[in-house]
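Summary of structural features
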Amino acid sequence: MIDIPKHIIDGIISQAYNELPNEACGLLTGKNNVAVKQHALTNIDHSPEHFSFDPAEQFQVLRTARSNDLEIIANYHSHPETPSRPSKEDILLAYDPNILYLIVSLADEIPVLKAFRIENGKSTEEGINVID
Ligand SMILES: [Zn+2]
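Residues numbered from 1 in each chain as written. Predicted model: local features only at pLDDT ≥ 70, side-chain atom pairs only at ≥ 80, totals over all residues. Heavy atoms only, no water.

Details of the coordination of the zinc ion
Distances from the zinc ion to its protein donors, namely His-77 (NE2), His-79 (NE2), Asp-90 (OD) and Asp-90 (OD), fall within the range 2.0 to 2.7 Å. Relative to the metal, the 4 donor atoms surrounding the zinc ion lie at angles of 54 to 158°, and the coordination shape comes out irregular. For His-77, a relative accessible area of 3% puts it in the buried group. (Donors = N, O, S within 2.8 Å, 3.2 Å for Na, K, Ca; no water. Tetrahedral: all angles 85-135°; square planar, octahedral: opposite > 155°, others 65-115°. Buried < 20%, exposed > 50% of the residue type's maximum accessible area, 1.4 Å probe, protein only.)

Remarks on the environment of His-77
For His-77, the position within the fold is in strand S4 (residues 71–79). For His-77 and Phe-51, which are 26 residues apart along the polypeptide, the C-alpha to C-alpha distance reads 7.7 Å. When neighbours within four sequence positions are excluded, His-77 is seen to be in contact with Glu-23, Ala-24, Cys-25, Phe-51, Asp-90, Leu-102, Ile-103 and Val-104. Looking at His-77, its side chain comes within polar contact range of the side chain of His-79, at 3.1 Å. Polar contacts involving the side chain of His-77 include one to the side chain of Asp-90, which spans 3.2 Å. (Helix = DSSP H or I, 4+ residues; strand = E, 2+ residues; numbered from the N terminus. Contact = heavy atoms within 4.5 Å. Polar contact = N/O pair within 3.5 Å; in protein donor to acceptor, adjacent residues only side chain to side chain.)

Considerations on the pattern of salt bridges
Enumeration over the complete set of coordinates arrives at 3 salt bridges. The shortest N-O distance in the salt bridge between Asp-10 and Lys-6 comes to 3.0 Å. With Asp-10 and Lys-6 both in helix H1 (residues 6–18) and 4 residues apart, the pair spans about one turn of that helix. A relative accessible area of 44% places Lys-6 in the partly exposed class. (Salt bridge = Lys/Arg side-chain N within 4 Å of Asp/Glu carboxyl O.)

Some thoughts on helix H2 (residues 55–67)
Between its terminal C-alpha atoms H2 stretches 18 Å, which fits the 18 Å expected from 13 residues at 1.5 Å a residue. Between the side-chain oxygen of the N-cap and the backbone nitrogen of Ala-56 there are 2.9 Å, and the N-cap of H2 in question is Asp-54. Where H2 ends, the next residue or the one after it, Asp-69, has phi of about 60°, a positive value. (Expected span 1.5 Å × (residues − 1).)

Structure (structure tokens):
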């Protein structure tokens, strides 16, 4: 379960639309499974089918988080045309069982955001609790 403020969810969804046709990506920092800040990152793949973070931006997020006594608690990306579930590649590239992987799908008219924990090559959906 992860608590995410409504404005962060809206921010993820608008970033996903803004970066069409490519996948959008970023990180959420926070504490104790409560998201505090959204960090939009550059998808250096510039691809509609996969993403890679800009390593320098990723490092900057980590530094900012640490100096604010926060942690990276989730990573997110968009699926412009496929459902909100991790692809084989997403599962293969998931490196941290301690964070959640959020996927926003724009395949349907209404965007769908889901959260997953990925561990040992398996993904399990987790609940998202929207807070103010
Ligand atoms: Zn994906």
